[in-house]
Structures are given as structure tokens and as C-alpha cells.
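# Descriptive analysis of the structure
Chain by chain, the residues:
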Amino acid sequence: MTPTTLPLPTPLILDLDLTDEQFFQLCQNHRDLKFERTAAGELIIMSPTGGNTGKRNVKLTTQLDIWNTRTQLGEVFDSSTGFTLPNGADRSPDAAWIRRDRWQALTPEQQDQFVPLCPDFVVELMSPSDSLERTRQKMAEYLANGAQLGLLINRKQRQVELYRPGQPVEILSAPSTVSGGEVLPGFVLDLSLIW
């Protein structure tokens, strides 16, 4: 018997009219799936990531959390955290960070629901089923909604795209490290653990 290679799952996009509460309950009731919602209200349903993407995402989030534990400058979030952006979209970046003062300004209820703001720093680590164009659109959306630094990590091409407000996207080919700059002072992401 010859093994069969199944096609990689692609996100399912549905045009549904859900209230914020309905969307939150949908996510809570189906924790085995990952949901996002565009500013236009389209529901995006994604399957969990594969093993290679998942283990690299842990290495990325761990590095960010170790830096944050040392500096105490903010809060780190993993890929299961939902953020409601100012434009109304609900997104879940692969890793995110928010300045401590912005986090502490939220009520306990806001902290328990999808976070009602855009993170200061976001990372999208592309999995084999991700579309580069859709991921780039998502990065632009983060910037338009207040992100101060974004990294799009494209393992297949061994490239990192840096997104910063008011600057053109900078594409780095096979960098060994990427600095957090002024947004994350002293943070250096070791990409040898990601490639």
C-alpha cells in the first residue's frame, strides 16, 4: 500500500453575523479550533498547528517570556489569546506583548475576555498552510491598529519581515537574531531555535 499525502488544511472563511458575546462563546465551546474574525465580520476557522510549527512557537514565546520576566516591562501572550483590535477584528497572533501600563489600565473583566486592544508587539510564525499574502495583510492590520513592532517569520523562505509604524517593511534573509529595538529594549530573538 502506498502512503497518501493529504493536502494541508487551509483556513475556512465564513461570512457570519455574530455578536462579540456569540463569537467569544463559540471560541470557548470549540477550544480545539482556532478562530479569528476580520473587521468585516468574516469568521476564519483554522485547525491547530502541526508539531513543527508548535514546537518552534514555544521556543519563540519562551524567549520573549524570559526577557519579560527579567525586565518586568509588560505581559506576554501565547497563540491562544484573542485580541479585539480597534477596527473590530478579533486576532490571535502567535506571540504578543503589551506594555505593563496598558495592561494594568484594563479592568479585570477586560483581562478575562478577549483583550480589547492591539498588542504593542506581535509575531506571526507562518505554518505550511498559511498564505503569505493573508499573513502580510494581517501584519499591516496590526500596525494600522497600534502595534509598534511586528515580526512575520517565514520559515520556508528563511526570511523575517519587520513591521514598524511609518517605515517600509524590512525583509531580512536568514538572520541569526532579530532585536526588539526600542519597543522591547534588550530583547534579542535567537532564530537558530526557530529555523
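### Focus: the overall build of the protein chain
A count of helices and strands for the protein chain gives five helices and 13 strands. Here the protein chain has a C-alpha radius of gyration of 17 Å; the compact-globule value for 195 residues is 16 Å, and the two agree. In terms of overall dimensions, the protein chain has a C-alpha envelope of 50 × 45 × 30 Å along the principal axes. Carbon and sulfur atoms form 53% of the exposed surface of the protein chain, whose accessible area is close to 10500 Å². Distance from the positive charge centre (18 side chains) to the negative charge centre (24 side chains) of the protein chain: 9 Å.

### Examining the pattern of salt bridges
A complete count under the given rule lists ten salt bridges for this structure. A salt bridge links R99 to D101; the shortest N-O distance between them is 3.0 Å. Close ionic contact of R102 with D120 constitutes a salt bridge, the shortest N to O distance being 3.1 Å. Taken as a pair, R102 in helix α3 (residues 100-104) and D120 in the loop between α4 (108-112) and β8 (121-125) lie far apart in primary sequence, 18 residues in all. Judged by its relative accessible area of 4%, D120 falls in the buried class.

### Regarding helix α1 (residues 20-29)
Within α1 the residues assigned to the buried category are F23, F24 and C27. All buried residues of α1 fall inside an arc of 100 degrees around its axis, so they share one side. Looking at the packing, one finds that the buried side of α1 touches β2 (34-37), β3 (42-46), β6 (90-91) and α4.

### Things to note about the environment of E170
Note that E170 resides in strand β11 (residues 170-173). Between the C-alpha atom of E170 and that of V160, which follows or precedes it by ten residues, the distance is 8.2 Å. Filtering out sequence-adjacent residues up to four positions away, E170 remains in contact with V160, E161, L162 and R164. A polar contact of 2.5 Å, which involves the side chain of E170, links it to the side chain of R164.

### Here's the deal with the nonpolar core
Ranked by internal contacts, the top residues of the largest apolar core, which has 21 residues, are L64, F121, L151, I153, V160 and L191. Secondary-structure elements contributing two or more residues to this core are α2 (51-71), β7 (95-99), β8, β9 (149-154) and β10 (159-163). Those residues in contact with L64, other than ones at most four positions away along the chain, are V76, A95, A96, W97, F121, L184 and F187. In terms of nonpolar packing, the next biggest core, distinct from the first, is built from 18 residues, F77, A96, C118 and M139 among them.

### Examining the sheet that holds β7
Taken in spatial order, the six strands make up an open sheet running β4-β7-β8-β9-β10-β11, and their pairing is mixed. The two strands at the open ends of the sheet, each matched to only one other strand, are β4 (74-77) and β11. The sheet shows a mean angle of 15 degrees between the axes of neighbouring strands, direction not considered. With respect to the sheet, helix α5 (residues 132-144) is in contact with β8, β9, β10 and β11, its orientation differing from that of β9 by roughly 170 degrees.

Definitions and cut-offs
Residues numbered from 1 in each chain as written. Predicted model: local features only at pLDDT ≥ 70, side-chain atom pairs only at ≥ 80, totals over all residues. Heavy atoms only, no water. Helix = DSSP H or I, 4+ residues; strand = E, 2+ residues; numbered from the N terminus. Rg over C-alpha atoms; globule rule 2.2 N^0.38 Å. Areas by Shrake-Rupley, 256 points an atom, 1.4 Å probe, with all protein chains shown as cover. Lys, Arg positive; Asp, Glu negative; His and termini not counted. Charge placed at Lys NZ, Arg CZ, Asp CG, Glu CD. Salt bridge = Lys/Arg side-chain N within 4 Å of Asp/Glu carboxyl O. Buried < 20%, exposed > 50% of the residue type's maximum accessible area, 1.4 Å probe, protein only. Arc of directions from axis to C-beta. Contact = heavy atoms within 4.5 Å. Polar contact = N/O pair within 3.5 Å; in protein donor to acceptor, adjacent residues only side chain to side chain. Core = buried A, V, L, I, M, F, W, Y, C linked by side-chain atoms within 4.5 Å. Pairing = 2+ DSSP bridges. Axes fitted to C-alpha atoms, helices over the stretch in contact; angles between N-to-C directions.

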